[in-house]
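For reference, the chains in residue letters:
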Amino acid sequence: MARKIVLGINGAHDAAACIVVDGELVVAVPEERLSRVKYHEGYPFKAVDYCLRVAGLRSLGEVDSVVINRYTHNDYEPEIRRSGFDGELVINPSHHLLHAYYAWVASDFRRPAVLVLDGSGYNYGEYERRGSPLIGPPPQYSEMEEAESMYAVGEDGSLELVRKKWGLWDSMKPFMRFPSLGHMFSAASQYIFGHFQHAGKTMGLAPYGDASAFPEPFIEYDGDDLVFDTTWVTKLPPRSDLPAHLDPICRNLAAKVQEELEPAVIHLCKVIHEATGSEELALSGGVGLNSVANGLILRQTPFSKLFVTPASGDSGIAIGAALYGYHRLTGDRPRWRAYDNYHGQKYDDRDVADAVAGAADFVRAESVPRVVEAAVADLVDGKFVGWFEGASEFGPRALGHRSIICDPRPGDMRDRLNARVKFREPFRPYAASVLAEHVKEYFDVAADDPFMMTVAPLLPQQIEVIRSVCHVDDTCRIQTVDPEHQGLYRRLIEHFHEVTGVPMVLNTSFNIRGEPIVETPQDAIRCFLSCNLDVLYLNGLRITKLTTGGSDAPATLVPHLVEDVSLAATTESVGGGASVPSYFCRTRTGQRVPVDADEYTLLHLIDAERSIAGIAAALPGRSEAEVVDAVDDLRQRGMVRLARAAVGARERSER
């Protein structure tokens, strides 16, 4: 019997691809992991090729059905057909329905209530002309877009629509004014951080603010319905130039939208519970990434079980599309092969060896016989550790396969990690990966959470024990790690527990600010060399970088600018003259890192050929030791990496 193969594609923001074969998910990957462009928007060329290769398919011609979610004004059918595909192409079934398929199937619940909350789907007219099922009766206007959807699982084992709310746009620019929970958060994030995709930052900033600074409600309640005011954002003063955490309006606005969101989510959960009678809730859509609100659901609603899709944002649409396509093609419910979120490729020892060889001038690699013990020793020694193993996670949470980890006990680890490793805002918190059997000894949790989708309060007696995973409001986003967890990560945490008495590590995604999570061994080494990570474990291989402090002859090392870094100086006209120049280094993700005039001059002398000693010779008045220290500081700030000098160059430097 021929296999049934379905490709699911999200071709909008957070583009991604997924392949389901005979009802089981075989591979899925977001395009951003491959293009290295965060929130990649458009057709996911690289992700489609990746999925075909990992699934062992030669071309799209071997696929039976393609289901694609795309903006209504884009057309990718010519591209798909040119790739050899001649099967059924399904365009734009209900956006919320695809979120719902992912939540329903991946939950593995028998008959859950399925709630989809996000910014918006597409309009009724688009779905009607495409023949999408489960869109309900026509709304008042055909251009109205999905704002909220509720589903149940019927007696026949298929999804049924419980209710759907539609909305009209007031505006998209400069702020997303649309009556939904997701776009209430989008508008606040646009004001505070300049982009709607920064809702996670807004959630993290909220505990620093005072919601009462905005006394008028953004949401009111009319029976079961939410009524949104979308005019509040038009009444805000112009955004200041202050960083968000130093601007009281930004802090208070973040607190306000979080305060409005939480009871609204609880209200809708109660509505769908009353409508369905189910004790199990599956949640998806971008609002599902609000882990603070998720943490309240089992506490404040009648549901006894909760599943939140690990990729609740629109990358998860690709998974939902493939699952929906298989159900549509065969009539059979897709199967979820395992309760995990590792849907990417596994990289073998050859892949690792090639990546290490490509960076041989910059790193040292050693095979250690007891990897877990070595990594724990590094953690206890206060090091920041990159951890790479197995298949990559799908979605925004790193769950121990593409993670940066450290000791959660010292109080300064969070601040050091933000400043010198992740290069991100100082207010942002970090999560904890906790042995599942010990989680209730540290956190007030309602249930295990293997996907890091909920926030829980710390028990008061544990706050000072694990200070670096404790947010300002004494909460923490948690990942419970059970004994069946894939790979060595569980063993690492077990050994850390044996050594320290603490059954967890601080865990954050393996990337720096503005970049996607690393996918390949090459990505991991590149990220390692562009930040202040101390050590990298790459499929069990222990990798360190060259540093001035770790060298017997630091002046012989050759500085290189980190890839894609550029230097700039700006001046302003002041009273007919020029101001004192401002200098900065622009990273490959667009971040501007200020440098002083001496650092700017030093950076201009770095040409990937001169050693530190050679650079010092070109800087009159500065000693070699001073230049060694200055280069090391630039390395720690993510601007410079160090290489071994060639033998001849080293001999000349030593002379």
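Thresholds applied
Residues numbered from 1 in each chain as written. Predicted model: local features only at pLDDT ≥ 70, side-chain atom pairs only at ≥ 80, totals over all residues. Heavy atoms only, no water. Helix = DSSP H or I, 4+ residues; strand = E, 2+ residues; numbered from the N terminus. Areas by Shrake-Rupley, 256 points an atom, 1.4 Å probe, with all protein chains shown as cover. Lys, Arg positive; Asp, Glu negative; His and termini not counted. Charge placed at Lys NZ, Arg CZ, Asp CG, Glu CD. Pairing = 2+ DSSP bridges. Axes fitted to C-alpha atoms, helices over the stretch in contact; angles between N-to-C directions. Contact = heavy atoms within 4.5 Å. Buried < 20%, exposed > 50% of the residue type's maximum accessible area, 1.4 Å probe, protein only. Polar contact = N/O pair within 3.5 Å; in protein donor to acceptor, adjacent residues only side chain to side chain. Arc of directions from axis to C-beta. Expected span 1.5 Å × (residues − 1).

Student: Just to check I follow, could you spell out the overall build of the chain for this structure?
Tutor: Along its length, the chain carries 19 helices and 28 strands. If you line up the chain on its principal axes, its C-alpha atoms span 85 × 65 × 55 Å. Accessible surface for the chain amounts to roughly 25800 Å². Of this, 48% is attributable to carbon and sulfur atoms. Computed over 67 positive and 91 negative side-chain charges, the separation of the two mean positions in the chain equals 3 Å.

Student: Just to check I follow, could you spell out the sheet that holds strand β27 (residues 592-595) for this structure?
Tutor: Within a sheet, each strand pairs with its neighbour through backbone hydrogen bonds, oriented either parallel or antiparallel. Strands sit in the order β23-β26-β27 across an open sheet of 3 strands; the sheet is antiparallel. The outermost strands of the open sheet, each flanked by one partner alone, are β23 (566-570) and β27. Between one strand axis and the next, the sheet turns through 30° on average, direction left out of account. Relative to β27, strand β26 (residues 582-586) runs antiparallel, the two being bridged by 4 bridges. Residue pairing for β27: Phe 584 is matched across the bridge by Pro 594. Set on the sheet, helix α16 (residues 597-605) makes contact with β23, β26 and β27; between it and β23 the angle comes to about 140°.

Student: Can you walk me through the environment of Tyr 430 in this structure?
Tutor: Positionally, Tyr 430 belongs in the loop between α13 (413-422) and β16 (431-435). Classification of Tyr 430 as buried rests on a relative accessible area of 4%. Separated by 76 residues in sequence, Tyr 430 and Leu 506 place their C-alpha atoms 6.8 Å apart. Among the polar contacts made by the side chain of Tyr 430, one reaches the side chain of Asn 418 at a distance of 2.6 Å. Here Arg 424 takes part through its side chain, which lies 3.2 Å from a polar atom of the side chain of Tyr 430.

Student: Sorry if this is basic, but what is going on with the pairing of strand β4 (residues 65-69) here?
Tutor: Each regular strand carries side chains that alternate between the two faces of the sheet. Taken across its 5 residues, β4 has 5 buried, putting it largely inside the fold. Across the two faces of β4 the burial is the same, with Ser 65, Val 67 and Asn 69 and Val 66 and Ile 68 all buried. Of the strand pairs in this sheet, strand β1 (residues 5-10) and β4 are connected by 5 bridges, and their pairing is parallel. Its bridge partner lying in β4, Ile 9 is registered against Ile 68. Strand direction decides the pairing type here: β4 and strand β5 (residues 88-91), joined by 4 bridges, are parallel. Pairing of Val 66 across the sheet is with Leu 89, part of β5.

Student: Explain the sheet that holds strand β8 (residues 159-167) to me, please; I cannot follow it from the model alone.
Tutor: Taking strand neighbours across the sheet as the criterion, the 5 strands line up as β8-β7-β6-β11-β12 in an open arrangement whose pairing is mixed. Sheet topology places β8 and β12 (305-308) at the edges, where each strand pairs with a single neighbour. In this sheet, adjacent strand axes meet at a mean angle of 15° when their direction is disregarded. Examined bridge by bridge, strand β7 (residues 145-153) and β8 share 8 bridges and lie antiparallel to one another. Bridge pairing in β8 places Ala 152 opposite Glu 160. Contacting β6 (113-117), β7, β8 and β11 (280-284), helix α8 (residues 248-276) runs over the sheet at an angle of about 150° to β6.

Student: Quick question: what am I supposed to make of helix α11 (residues 349-358) here?
Tutor: Listing the buried residues of α11 in full gives Val 352, Ala 355 and Val 356. All buried residues of α11 fall inside an arc of 100° around its axis, so they share one side. Residues Arg 350, Ala 357 and Gly 358 are exposed on α11 and point more than 90 degrees away from its buried face. Check the buried side of α11 and you find it contacts β13 (363-367), α15 (521-529), β20 (535-538) and β21 (541-545). Capping of α11 at its N-terminal end is provided by Asp 348; its side-chain oxygen lies 3.1 Å from the backbone amide nitrogen of Arg 350.

Student: It is not clear to me how helix α14 (residues 489-500) should be interpreted in this structure. Could you clarify?
Tutor: In an α-helix, one full turn covers 3.6 residues, which means residues spaced three or four apart are oriented alike. Taking 1.5 Å of rise per residue, 12 residues should cover 16 Å, and α14 covers 16 Å from first to last C-alpha, within 8% of that figure. Of all the positions in α14, only Tyr 489, Arg 490, Leu 492, Ile 493, His 495, Phe 496 and Thr 500 are classed as buried. Summarising the contacts, the buried residues of α14 are in contact with α12 (371-380), β14 (385-388), β15 (402-406), β16, β18 (475-481) and β19 (504-509). Looking one or two residues past α14, Gly 501 carries a phi angle of roughly 85°, positive in sign.

Student: Looking at this model, I keep getting lost on the side chain of Glu 126. Mind explaining?
Tutor: Topologically, Glu 126 is positioned in helix α5 (residues 124-130). At 2.9 Å, the side chain of Glu 126 forms a polar contact with the side chain of Asn 92. Those residues in contact with Glu 126 that lie beyond four places of it in its chain are Thr 72 and Asn 92.

Student: What am I meant to see in unusual backbone geometry here?
Tutor: Outside of glycine, negative phi angles account for most residues, and trans bonds account for most peptide bonds. Here the bond from Lys 173 into Pro 174 is cis, since omega is 0°, no more than 30 degrees from zero. For Pro 174, the location among the structural elements is in the loop between β8 and α6 (181-193). Even without being a glycine, Asn 92 presents a positive backbone phi close to 50°. As for its position among the elements, Asn 92 is in the loop between β5 and α4 (95-107). If you check the backbone angles, Phe 423 has positive phi at about 55° while not being a glycine. Tracing the backbone through its elements, the reader meets Phe 423 in the loop between α13 and β16.

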